[in-house]
Amino acid sequence: MHKGSCHCGKIAFEVEGEIGTALACNCSICQRKGSLLWFVPRDHFHLTTPEDAASTYDFNKHVIHHKFCPACGIHPYAEGVDPKGNRVAAVNIRCLEDIDLDAIPVHHYDGRAL
């Protein structure tokens, strides 16, 4: 179990699982945010703060709901569905507590090409 939050703590969560790799995407939003994403089944991601504490930004095809804190501006996670129709959470591992980012392999994804 991993714990995470935005910078100010208004959005906090727990997520179950082992981080195998993180994804760094170069699409227009991910590159600007600098997120390192870990995709998990949505039922492995549990908010510990009210769901309405987060604001949502949708763009392009509106299939990924990018969640961010309206107070501190940090983007701790996003929600969407995988190609098989399963609900997923994309956790920004930079927002997790006690993570050695250098120990996690990063897969670079060409989101600009979509």
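The model shown is predicted, which means the values in this text are computed figures rather than measured ones.

Peer 1: Any chance you could explain the overall build of the protein here in plain terms?
Peer 2: Across its full length, the protein carries one helix and 10 strands. What you see in the protein, going N to C, is helices and strands ordered as β-β-β-α-β-β-β-β-β-β-β. The C-alpha radius of gyration of the protein comes to 13 Å, within 12% of the 13 Å expected for a compact globule of 114 residues. With respect to the three principal axes, the spread of C-alpha positions in the protein is 35 × 30 × 30 Å. Burial statistics for the protein: of 114 residues in total, 39% are counted as buried. Summarising the internal contacts of the protein: among those between residues at least 6 apart in sequence, 57% fall at separations of at least 24. Accessible surface for the protein amounts to roughly 6,900 Å². Of this, 50% is attributable to carbon and sulfur atoms.

Peer 1: Is there a simple way to explain the nonpolar core in this structure?
Peer 2: One recurring pattern in soluble globular proteins is that nonpolar side chains are buried together. Counting 21 residues, the largest nonpolar core has Val15, Trp38, Phe45, Val91, Ile93 and Leu96 as the members making the most contacts within it. Those elements that provide at least two residues to this core are β2 (12–15), β3 (22–25), β4 (37–41) and β9 (87–92). Core analysis: the second largest hydrophobic core is formed by eight residues, Cys25, Ile29, Cys30 and Ala90 among them.

Peer 1: For this particular structure, what's the right way to read the sheet that holds β2?
Peer 2: Hydrogen bonds between backbone atoms are what pair the strands of a sheet, whose relative direction is either parallel or antiparallel. One open sheet holds the three strands; their spatial order is β1-β2-β5, and the pairing between them is antiparallel. Bordering the open sheet on either side are β1 (2–5) and β5 (45–47), each of which pairs with just one other strand. The mean inter-strand angle of the sheet, taken between neighbouring strand axes irrespective of direction, is 25 degrees. Sheet topology note: the β1/β2 ladder contains four bridges and is antiparallel. Of the residues in β2, the one forming a bridge with histidine 2 is valine 15.

Peer 1: What is the right way to look at the state of the cysteines in this model?
Peer 2: Formally, a disulfide is one covalent bond, and it connects the sulfur atom of one cysteine to the sulfur atom of another. Counting across every chain of the model gives zero disulfides. Of the cysteine sulfurs around cysteine 6, a residue in no disulfide, the closest is that of cysteine 8, at 3.8 Å. For cysteine 6, a relative accessible area of 3% corresponds to the buried category. Cysteine 69 forms no disulfide, and the closest cysteine sulfur to it belongs to cysteine 8, at a distance of 3.6 Å. Using a relative accessible area of 1% as the deciding quantity, one classes cysteine 69 as buried.

What counts and what doesn't
Residues numbered from 1 in each chain as written. Predicted model: local features only at pLDDT ≥ 70, side-chain atom pairs only at ≥ 80, totals over all residues. Heavy atoms only, no water. Helix = DSSP H or I, 4+ residues; strand = E, 2+ residues; numbered from the N terminus. Rg over C-alpha atoms; globule rule 2.2 N^0.38 Å. Buried < 20%, exposed > 50% of the residue type's maximum accessible area, 1.4 Å probe, protein only. Contact = heavy atoms within 4.5 Å. Areas by Shrake-Rupley, 256 points an atom, 1.4 Å probe, with all protein chains shown as cover. Core = buried A, V, L, I, M, F, W, Y, C linked by side-chain atoms within 4.5 Å. Pairing = 2+ DSSP bridges. Axes fitted to C-alpha atoms, helices over the stretch in contact; angles between N-to-C directions. Disulfide = S-S within 2.5 Å.

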